[in-house]
Amino acid sequence: MSEMESAKAFFEACETGQGWAACQAWCHPDASFSCQAGALAEVTTLDGYCGWMAAIFGPIPDAHYELTAFAYDAERATAVASAIFKGTNTGPLGSKPGTGKSVATDYVYVMQFEGGKIRHMTKVWNDVPALKSLGWA
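Residues numbered from 1 in each chain as written. Predicted model: local features only at pLDDT ≥ 70, side-chain atom pairs only at ≥ 80, totals over all residues. Heavy atoms only, no water.

A.B. asks: Is there a simple way to think about the packing of aromatic side chains in this case?
C.D. replies: Aromatic rings in a pair are described by how distant their centres are and how their planes are angled relative to each other. The full count for this structure, using the stated rule, is 10 aromatic pairs. Where Tyr72 meets Phe113, the ring centres are 6.4 Å apart and the plane angle is 75°; that geometry is what we call edge-to-face. With Tyr72 in strand S2 (residues 64–73) and Phe113 in strand S4 (residues 102–114), the pair connects residues that are 41 residues apart, well separated along the chain. For Phe113, a relative accessible area of 8% puts it in the buried group. Ring pairing ties together the aromatic residues Phe11, Phe33, Tyr49, Trp52, Tyr65, Phe70, Tyr107, Tyr109 and Trp125, which thus form one cluster. Above the plane of the ring of Phe70 lies Lys8, whose end atom (NZ or CZ) is 5.8 Å from the centre. (Phe/Tyr/Trp six-rings, centres within 6.5 Å; stacked < 30°, edge-to-face > 60°. Helix = DSSP H or I, 4+ residues; strand = E, 2+ residues; numbered from the N terminus. Buried < 20%, exposed > 50% of the residue type's maximum accessible area, 1.4 Å probe, protein only. Lys NZ or Arg CZ within 6 Å of the ring centre and 35° of its normal.)

A.B. asks: Please explain the side chain of Thr105 as it appears in this structure.
C.D. replies: Topologically, Thr105 is positioned in strand S4. For Thr105, a relative accessible area of 9% corresponds to the buried category. A polar contact is formed between the side chain of Thr105 and the side chain of Trp125, at a distance of 2.9 Å. (Polar contact = N/O pair within 3.5 Å; in protein donor to acceptor, adjacent residues only side chain to side chain.)

A.B. asks: What is the right way to read the nonpolar core from this model?
C.D. replies: The nonpolar side chains of a soluble globular protein tend to be buried with one another. Formed by 40 residues in total, the largest nonpolar core has its most connected members in Phe10, Leu46, Tyr49, Tyr109 and Met111. Sorting elements by how many residues they give to this core places helix H1 (residues 3–15) first, with six residues. Beyond its immediate chain neighbours, meaning those up to four positions away, Leu46 contacts Phe10, Trp20, Cys27, Ala31, Ser32, Phe33, Ile118 and Met121. (Core = buried A, V, L, I, M, F, W, Y, C linked by side-chain atoms within 4.5 Å. Contact = heavy atoms within 4.5 Å.)

A.B. asks: Can you walk me through the state of the cysteines in this structure?
C.D. replies: Each disulfide consists of one covalent bond between the sulfur atoms belonging to two cysteines. Counted by the stated rule, this structure contains zero disulfides. Unpaired in terms of disulfides, Cys14 finds its nearest cysteine sulfur in Cys50, a separation of 4.1 Å. Since its relative accessible area comes to 1%, Cys14 is described here as buried. No disulfide involves Cys50; its sulfur sits 3.7 Å from the nearest other cysteine sulfur, which is in Cys23. A relative accessible area of 1% means that Cys50 is categorised as buried. (Disulfide = S-S within 2.5 Å.)

A.B. asks: What is the right way to look at the sheet that holds strand S5 (residues 117–125) in this model?
C.D. replies: Strands pair in a sheet through their backbones, by hydrogen bonds, and they do so in one of two ways: parallel or antiparallel. Read across the sheet, five strands follow the order S1-S5-S4-S3-S2 without closing on themselves; strand pairing throughout is mixed. Each edge of the open sheet is held by one strand with a lone partner, namely strand S1 (27–35) and S2. Neighbouring strand axes in the sheet, compared pairwise and without regard to direction, differ in orientation by 20° on average. As judged from the five bridges shared by S1 and S5, these two strands associate in the parallel manner. Bridged to Cys35 within S5 is Lys123. (Pairing = 2+ DSSP bridges. Axes fitted to C-alpha atoms, helices over the stretch in contact; angles between N-to-C directions.)

A.B. asks: Explanation requested: the pairing of S5 in the structure shown.
C.D. replies: If a strand is regular, its side chains alternate between the two faces of the sheet. With eight bridges connecting them, S4 and S5 associate as antiparallel partners. Bridging from a neighbouring strand, Val108 pairs with Val124 of S5. If you look at the hairpin formed by S4 and S5, you'll find two residues sitting between the two strands, and Gly115 has a positive phi there, around 60°.

A.B. asks: How should I be thinking about the pattern of salt bridges in this particular structure?
C.D. replies: Proximity of charged atoms lets side chains of opposite charge pair with each other. Using the criterion set out here, one finds five salt bridges in the structure. Taken together, the shared-partner salt bridges in this structure form one network comprising Asp30, Glu114 and Arg119. (Salt bridge = Lys/Arg side-chain N within 4 Å of Asp/Glu carboxyl O.)

A.B. asks: Sorry if this is basic, but what is going on with the packing of H1 against helix H3 (residues 46–56) here?
C.D. replies: The axes of two packed helices give the description: the angle between them and the distance between them. The N-to-C vectors of H1 and H3 enclose an angle of 45°; their axes lie 8 Å apart at closest approach. Put simply, H1 runs oblique to H3. For the pair H1 and H3, contact is made by Phe10, Cys14 and Glu15 and by Leu46, Tyr49, Cys50 and Met53, respectively. (Parallel < 35°, antiparallel > 145°, perpendicular 65-115°, else oblique.)

Laid out in structure tokens, this is it:
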């Protein structure tokens, strides 16, 4: 499987909430993660991020994405995916009931490969407008 195909398979599994069990096939076991968004400030591993994404399907059970671009830079062994995350908060968030509010938020994944597997992923995302639109901030 090419790195581009692996990146697409990882993206699909992660974005549909399948968690680390499904995503780890395309990643180094200790793959790192970074994002400057406050909602993800404590998440430093790709395993942790995949778990965070799986958990988001609790409060947003209809979560889905609209892919806007996907590219692979062979010289840098890096795949980039751009998408819009969409959904409505109909499930509880902790002890709080769903707000009934919806979100459509842009984001980008930058997946860096080493030896055919993802070594590091950066998520580029401004979480503040997303959290406000859901009524969470």
